[in-house]
Amino acid sequence: MAFDIEMIKKVYHNMPGRVDAAREIVGRPLTLTEKILYNHLWDGNPTKAFGRGVDYVDFAPDRVACQDATAQMALLQFMHAGKSKVAVPTTVHCDHLIQAKVDAATDLARAKTQSNEVFDFLSSVSNKYGIGFWKPGAGIIHQVVLENYAFPGGMMIGTDSHTVNAGGLGMVAIGVGGADAVDVMSGMAWELKFPKLIGVKLTGKLSGWTAPKDVILKVAGILTVKGGTGAIVEYFGEGATAMSCTGKGTICNMGAEIGATTSTFGYDDSMSRYLRSTNRADVADAADKIASYLTGDPEVYADPEKYFDQLIEINLSELEPHLNGPFTPDLATPISKMKEEAIKNNWPLQIQVGLIGSCTNSSYEDISRAASLAKQVSEKNLKVKSEFTITPGSEVVRSTIERDGFIDTFHKIGATVFANACGPCIGMWDREGAEKEERNTIVHSFNRNFSKRADGNPNTLAFVGSPELVTALAIAGDLGFNPLTDKLINEDGEEVMLDEPTGDELPEKGFYAEDPGFQAPAEDGSGVQVVVSLTSERLQLLAPFDAWDGKNITGAKLLIKAFGKCTTDHISMAGPWLRFRGHLDNISNNMLIGAVNAFNQKTNSVKNQLTEQYDAVPAVARAYKAAGVPSVVVGDHNYGEGSSREHAAMEPRFLGVKAVLVKSFARIHETNLKKQGLLGLTFANESDYDKIQENDTINFTDLTEFAPGKPLTLEFVHADGSKDIILANHTYNEGQIGWFVAGSALNLIAAGKA
Ligand code: SF4
């Protein structure tokens, strides 16, 4: 499972020279974020200063991590790149496909039966292409990455939005779509708009009931769910260095909830302690040698307003424990105000379930502090009023807390320990009675609390808090309980108060696991067979998309003129479709089913021009494809906003759509369309959108002259024979035109030309 110390040493070897050069070029002291970014430029040494929030820059990340749900399509695509091995260290983690219901052993066994073919596929592809594979039960991607791979000053991408968790170990770690991961795994550059920088200065010190989680709950309340968009959040100050490394991880983890590109902390003793405790003394030693490069320049932190685009200051000594929710992680309420708010808003006060753990909060420190409260249940003769569950973040954490008696403590208060997996954090919680959709309150230490996120019940009100606060609230069973001031009545009818939580940052006896659940890849994977059943409904090997035939596209039919908002969810829905993420044919049955047809204002109802009948969008697209008729999608503004999922571009490509013509694109989706060999075009005159009619046939007239900066001309032939000539802009550069010509970016990589 070994982390790649040679790779890390190389990063550290380059860092002083590149950072010094960047400081010179930029002409001022540098933040940590800038140091990491300038040390990971695709072109090597910095030669120019980049504009924050302006310039698109090519980077060379050190690592890639994928979780099981997103890895399927990413690896299916990677198999097409024609490489024998991944270009950078990569890992796959089986954590999202395990449903929580009974207990760890039962649930894990059931998941292995239900998703056996997916796990086998991921295991064999990993084995073949040099990818580290973490088996089901090994743990949740971000906890496992923190324990094994994250390192100060590193840069990684991962196919999950909470990849940002690794900022707790001083990384710039960013969540991306599968297509981006495939690029990096194939040895290509990864592009990012140079971010803006938000500084968070932490003064004072955490104590008593307040935990690192409360820092990010407070920040979320300040910045809201959109406040971090396009920015990297850099934490610093005495409060930051006094905090545990895993606590920093929690704060960075929930940076995803404020929309931040990522968050990070400078290298300090807490990180060194964590690295040494997780058997990585050599990384800590290497980091110690260049420590000043692994944090922001002193001048920056002395006068932060000058160097950050936005600055927030939080005094940890005054910070109160918070609960955020319901339904949004930025609705922050200090615990002292919770009762009042709950009554005012008619939130059910009775807590049904308290859930701790997940990738966000299952460190040794979290669990030991929560256990210190659980212990008081018998000591003070209390009765736990709510159900209580624990989701350990990894087998290493689970084995260690079991050895140290915490699991036993939790069992004594009637807790259920779920598998080391996402479970209730991602709606993979088969909660008894959830189907009745009763209004109820739960509290958890996870990160997201959107409607239906935990148990699928839209009427479950979920509040996010620290593991210690969640434990106290589960004991009390009352959302209005403030453990700092309120007393509980014990079984003897006496008033008792819970003592403040206490715990250990790291296990005194070290971390331990008999089998952490890692499968190392074969040294030479050339003989490893990847087996995908032809009859599988969940997995399907991809066939390369056809190359362009060099001719104008003619006789294309309008598939849909989408009206208004059309996000990647409208184009490729999630929910029940998640199970088909590895099967392009099957998941294509959700293509554009959420988009509104501009001609009848209905979803999933478009005219099939061949039959004159209305049918579902995928059905009509398939009919055109079967008849050898190309099709075109027309859309409104910001088409494809939302997630970076590549399915939203692969599905139209697979179902025969040749071009997507819109008023404007969300940038990532536009790039995804280009990568899949589609034409992503924008109206030169937005008002031309209104000229598109339901029975239109479309002819390109100058595609044979496709060139950077040169608009394309499309002829829209209406049912009555009249025509509109429409000019379409595009942003394809030479290389991207090469993708179109080859049929996809991957085809070009496979041909050795990218
Ligand atoms: Fe995502 Fe939750 Fe799993 Fe973490 S535990 S990776 S937040 S689903």
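Residues numbered from 1 in each chain as written. Predicted model: local features only at pLDDT ≥ 70, side-chain atom pairs only at ≥ 80, totals over all residues. Heavy atoms only, no water.

If you look the chain up in an unreviewed UniProt entry, it shows as Aconitate hydratase A from Flavobacterium cheongpyeongense. According to the UniProt record, the Pathway (unreviewed entry) comment for the chain reads "Carbohydrate metabolism; tricarboxylic acid cycle; isocitrate from oxaloacetate: step 2/2." (UniProt positions renumbered as here; feature names shortened; annotations may be inferred.)

A. Structural view of empty space enclosed by the protein. Across all of its chains, the model carries 6 cavities of 30 Å³ or more by this definition. If you add up the space inside the largest cavity, you get close to 90 Å³. In terms of lining residues, the largest cavity is bounded by Gln 77, His 80, Leu 542, Ala 543, Pro 544, Phe 545, Met 650, Gln 676, Ser 744, Leu 746 and Asn 747. When grouped by side-chain class, the residues that make up the lining of the largest cavity number 6 nonpolar, 5 polar and no charged. (1 Å grid on protein atoms, 1.4 Å probe; cavity = no way out; pocket = protein on both sides within 12 Å on 5 of 7 lines; lining within 4 Å. Points joined across faces, edges and corners; volume = space filled by probe spheres on them. Nonpolar A, V, L, I, M, F, W, Y, C, P; charged D, E, K, R; others polar.)

B. A look at a negative patch on the surface. Together, Glu 387, Glu 432, Glu 435, Glu 437 and Glu 438 make up a negatively charged patch on the protein surface. Its place among the elements puts Glu 435 in the loop between β16 (416-417) and β17 (440-444). Classification of Glu 435 by relative accessible area gives exposed; the value is 62%. (Patch = residues over 30% accessible without salt bridge, like charges linked within 9 Å, V, L, I, M, F, W, Y side chains within 5 Å. Areas by Shrake-Rupley, 256 points an atom, 1.4 Å probe, with all protein chains shown as cover. Salt bridge = Lys/Arg side-chain N within 4 Å of Asp/Glu carboxyl O. Lys, Arg positive; Asp, Glu negative; His and termini not counted. Charge placed at Lys NZ, Arg CZ, Asp CG, Glu CD. Helix = DSSP H or I, 4+ residues; strand = E, 2+ residues; numbered from the N terminus. Buried < 20%, exposed > 50% of the residue type's maximum accessible area, 1.4 Å probe, protein only.)

C. Focus on the pairing of strand β26 (residues 631-635). Of all 5 residues in β26, 5 are buried, a share of seventy percent or more. On β26, burial covers both faces: Ser 631, Val 633 and Gly 635 on one face and Val 632 and Val 634 on the other are all buried. As paired elements, strand β22 (residues 556-563) and β26 share 4 bridges and run parallel to each other. Residue pairing for β26: Ile 560 is matched across the bridge by Val 633. What joins β26 to strand β27 (residues 657-662) is helix α23 (residues 647-654), and the crossover it makes is right-handed. (Pairing = 2+ DSSP bridges. Right-handed = clockwise from strand over helix to strand, strands pointing away.)

D. Seen up close, the environment of Glu 34. Residue placement: Glu 34 occurs in helix α2 (residues 32-38). Given the relative accessible area of 2%, Glu 34 is considered buried. For the pair formed by Glu 34 and Phe 50, sequence separation is 16 residues and the distance between their alpha carbons is 9.9 Å. With residues up to four places along the chain from it excluded, the contact list for Glu 34 reads Arg 28, Pro 29, Arg 52 and Leu 197. (Contact = heavy atoms within 4.5 Å.)

E. Fine view of the side chain of Asp 724. For Asp 724, the location among the structural elements is in strand β31 (residues 723-729). No salt bridge is formed by the buried Asp 724; the nearest opposite charge belongs to Lys 691, separated by 4.4 Å. A polar atom in the side chain of Asp 724 sits 2.7 Å from the side chain of His 718. Those residues in contact with Asp 724, other than ones at most four positions away along the chain, are Lys 691, Leu 714, Glu 715, Phe 716 and His 718. (Polar contact = N/O pair within 3.5 Å; in protein donor to acceptor, adjacent residues only side chain to side chain.)

F. Spotlight on the pattern of salt bridges. Under the criterion given, the structure shown has 35 salt bridges. Of the charged contacts, one joins Arg 52 and Glu 34 as a salt bridge, the two residues approaching to 3.0 Å between their closest N and O atoms. Here Arg 52 is found in the loop between α2 and β1 (56-59), whereas its partner Glu 34 is found in helix α2, with 18 residues between them in sequence. Neither residue differs from the other here; Arg 52 and Glu 34 are each classed as buried. Between Arg 52 and Asp 309 there is a salt bridge; the shortest N-O distance is 3.2 Å. Placement of the pair is Arg 52 in the loop between α2 and β1 and Asp 309 in the loop between α14 (304-307) and β11 (310-315), with a sequence separation of 257 residues. Note on Asp 309: relative accessible area 42%, which makes it partly exposed. Connected through shared salt-bridge partners, Asp 20, Arg 23, Lys 35 and Asp 297 make up one network.

G. Highlighting the site of the ligand. By nearness alone, every residue bordering the ligand is listed as His 96, Ile 140, His 142, His 162, Ser 358, Cys 359, Cys 422, Cys 425, Ile 426, Asn 447 and Arg 453. Looking at the shell around the ligand residue by residue, the class counts come to 5 nonpolar, 5 polar and 1 charged. Of the domains in this structure, domain 1 (5-46 + 55-318) and domain 2 (322-496) are the two that each give at least three residues to the shell around the ligand. (Near = heavy atom within 4 Å. Domains from an automatic or database assignment.)

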